[in-house]
Amino acid sequence: MRATIKDVAKLAGVSTATVSNVLTERKAVSTELKVRVCRAMEQLNYKPNSIARSLKTNQSYMIGVIVPDILNPFFAEVLKYIGEETNRHGYQMVIYDSGEDAERERKLLKLLIDNGADGIINITSRMKEEELSEAFPVPVVLGDRSDFPTPDKTAFVRSDNFASGKIAAEHLAEKGYKDFVCIAGPVDTASAARRRLEGFKSGLKSCGFSEKDLQVFTCSFSFDDGYRVMSRFLDTYDRTSRYAVYASSDIMAWGVIEACKSRKLRIPEDIAVIGNDNIWCSRYIAQGLTTVENSACELGRRAAELLLDALAEQGIFRQHNTVLEPHLCIRTTT
């Protein structure tokens, strides 16, 4: 027979109201009582009735998360850490893939709101600022998106993408490279891609280089596009020039490296490659990809923490703009 909240309260020696407060976190409960309640729930294998809880609290305990590409390891890591944090607080995460399409993203936002999501985390949104500046009926966290004026129910958590590009440029200059390629992401639709390119240009300028020392290509944040664009560049590549390539995501950098390997180019002897993100597999790409870390773990956790905090404050964010600092991970490709 399934255990009830009364069974938990009886075993823990507390009231049913205390058990409810532990489950919903709507009122403070002492650490001692929390421990007693949690032990009782574990001992009885108690599972809260989510439907009944929703009716009682007028919450769905559902959080919607939208990412542009669920197959990209960076976004998969972000989802992992959002899920860990939301699950720990009794929320269910519903995941949607927008396919890097603003219109689909727009429809998914509406779908989540119409279906009663308590809050939404939207990672690397492709929608326009004026659309995202509108007041949403639920709290929304925009992840890895440059901030702009928004209502109280919208907040930002992002890496300093300008600093990421600048760090990459300065590292390559310090290593003695003179000619550069930037394979940027979709700069017209993704602010992260645009800011990384701007930072890379700024970093080169501060090191004494000009626009003529840099070739820029734009494409999607994907392995296939990294491979395709790099292959096109290598069609006329003179290995004596010894270029350095900044791919503004690690998944693109992986494609870049495979394109170089297909032409029998040695890395970094014939051409250097630096990525951006430090996804989990970067340490294994080409025996270790040099990259700029924008922590997926921190992005996911902070996005979840911001949203959960807002949900506890009637949907209002106390902090509207959280910036995560990048750092350089030097490995073998530069």
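Residues numbered from 1 in each chain as written. Predicted model: local features only at pLDDT ≥ 70, side-chain atom pairs only at ≥ 80, totals over all residues. Heavy atoms only, no water.

A.B. asks: Honestly, the side chain of threonine 291 in this entry has me stumped. Any pointers?
C.D. replies: Topologically, threonine 291 is positioned in strand β10 (residues 290-293). For threonine 291, a relative accessible area of 0% corresponds to the buried category. Reaching out from threonine 291, the side chain makes a polar contact with the side chain of aspartate 250 at a distance of 2.7 Å. A distance of 3.5 Å separates a polar atom in the side chain of threonine 291 from the backbone nitrogen of aspartate 277. When residues no more than four places from it in sequence are discounted, the contact partners of threonine 291 are Asp250, Ile274, Gly275, Asn276, Asp277, Asn278, His327, Leu328, Cys329 and Arg331. (Helix = DSSP H or I, 4+ residues; strand = E, 2+ residues; numbered from the N terminus. Buried < 20%, exposed > 50% of the residue type's maximum accessible area, 1.4 Å probe, protein only. Polar contact = N/O pair within 3.5 Å; in protein donor to acceptor, adjacent residues only side chain to side chain. Contact = heavy atoms within 4.5 Å.)

A.B. asks: How do you make sense of the nonpolar core when you look at a structure like this?
C.D. replies: One recurring pattern in soluble globular proteins: nonpolar side chains tend to sit buried together. Residues Phe180, Ile183, Phe200, Met230, Phe233, Leu234 and Ile271 are the most contacted members of the largest nonpolar core, which totals 74 residues. If you tally residues by element for this core, the top one is helix α12 (residues 296-311), at nine residues. Residues within four places of isoleucine 183 in sequence aside, it is in contact with Phe217, Cys219, Gly226, Val229, Met230, Val245, Tyr246, Ala247, Ser248, Met252 and Val256. By size, the runner-up hydrophobic cluster in this structure holds 15 residues, among which are Ile66, Leu109, Leu112 and Ile120. (Core = buried A, V, L, I, M, F, W, Y, C linked by side-chain atoms within 4.5 Å.)

A.B. asks: Please clarify how the sheet that holds β10 should be interpreted in this entry.
C.D. replies: Think of a sheet as strands paired side by side through backbone hydrogen bonds, with each pair either parallel or antiparallel. Reading across the sheet, the six strands line up as β7-β6-β8-β9-β10-β12 and stay open at both edges, with mixed pairing between neighbours. Edge positions in the sheet fall to β7 (214-218) and β12 (327-329), since each has one partner strand and no second. Across the sheet, the mean angle from the axis of one strand to that of its neighbour is 20 degrees, orientation sign disregarded. As judged from the three bridges shared by β10 and β12, these two strands associate in the antiparallel manner. Its bridge partner being in β12, valine 292 is matched across the sheet by leucine 328. Lying over the sheet, helix α11 (residues 250-262) contacts β6 (180-184), β8 (244-247), β9 (272-277) and β10, oriented at roughly 160 degrees with respect to β9. (Pairing = 2+ DSSP bridges. Axes fitted to C-alpha atoms, helices over the stretch in contact; angles between N-to-C directions.)

A.B. asks: How should the packing of helix α10 (residues 223-234) against α11 be read in this particular structure?
C.D. replies: Each pair of packed helices can be summarised by the angle the axes make with each other and by the distance between the axes. With their axes 7 Å apart at the nearest point, α10 and α11 run at an angle of 40 degrees to one another. With respect to α11, the element α10 is oriented oblique. The way α10 lies across α11 gives a crossing that is right-handed. When α10 is examined against α11, the residues Phe223, Gly226, Tyr227, Met230, Ser231 and Leu234 are found in contact with a partner set consisting of Ile251, Met252, Trp254, Gly255, Val256, Glu258, Ala259, Cys260 and Ser262. In terms of residue class, the contact of α10 with α11 is made up of ten nonpolar, four polar and one charged. (Parallel < 35°, antiparallel > 145°, perpendicular 65-115°, else oblique. Left-handed = near helix turned anticlockwise from the far one by under 90°. Nonpolar A, V, L, I, M, F, W, Y, C, P; charged D, E, K, R; others polar.)

A.B. asks: Got a minute to help me understand the sheet that holds strand β3 (residues 119-123) in this structure?
C.D. replies: With respect to topology, six strands assemble into an open sheet ordered β2-β1-β3-β4-β5-β11, the strand pairing being parallel. Only two strands of the sheet have a single partner each, and these edge strands are β2 (92-97) and β11 (321-324). Looking at each pair of strands side by side, their axes are set apart by 15 degrees on average, direction ignored. One ladder, built from four bridges, connects strand β5 (residues 154-159) with β11; its direction is parallel. Following the sheet pairing, valine 157 is matched in β11 by threonine 322. Each of β1 (62-67), β2 and β3 touches helix α6 (residues 102-114); the most contacted strand, β1, lies at about 175 degrees to it. Against the sheet, α12 engages β1, β3, β4 (140-143), β5 and β11, with an angle of about 165 degrees to β5.

A.B. asks: Please explain helix α5 (residues 73-88) as it appears in this structure.
C.D. replies: An α-helix turns once every 3.6 residues. As a result, residues three or four positions apart point the same way. Its 16 residues place the ends of α5 23 Å apart at the C-alpha level, agreeing with the 22 Å of an ideal helix rising 1.5 Å per residue. All of the buried residues in α5 are Pro73, Phe74, Phe75, Glu77, Val78, Leu79, Tyr81, Ile82, Gly83, Glu85 and Thr86. Looking at the packing, one finds that the buried side of α5 touches β1, β2, β3, α11, β9 and α12. Positive backbone phi, at 85 degrees, marks glycine 90, one or two positions downstream of α5. (Expected span 1.5 Å × (residues − 1).)

A.B. asks: Looking at this structure, how should I read the environment of alanine 259?
C.D. replies: Counting through the fold element by element, alanine 259 comes out in helix α11. Separated by 35 residues in the primary sequence, alanine 259 and aspartate 224 have C-alpha atoms spaced 9.9 Å apart. Aside from chain neighbours lying at most four places away, what touches alanine 259 is Tyr227, Met230, Ser231 and Leu234.

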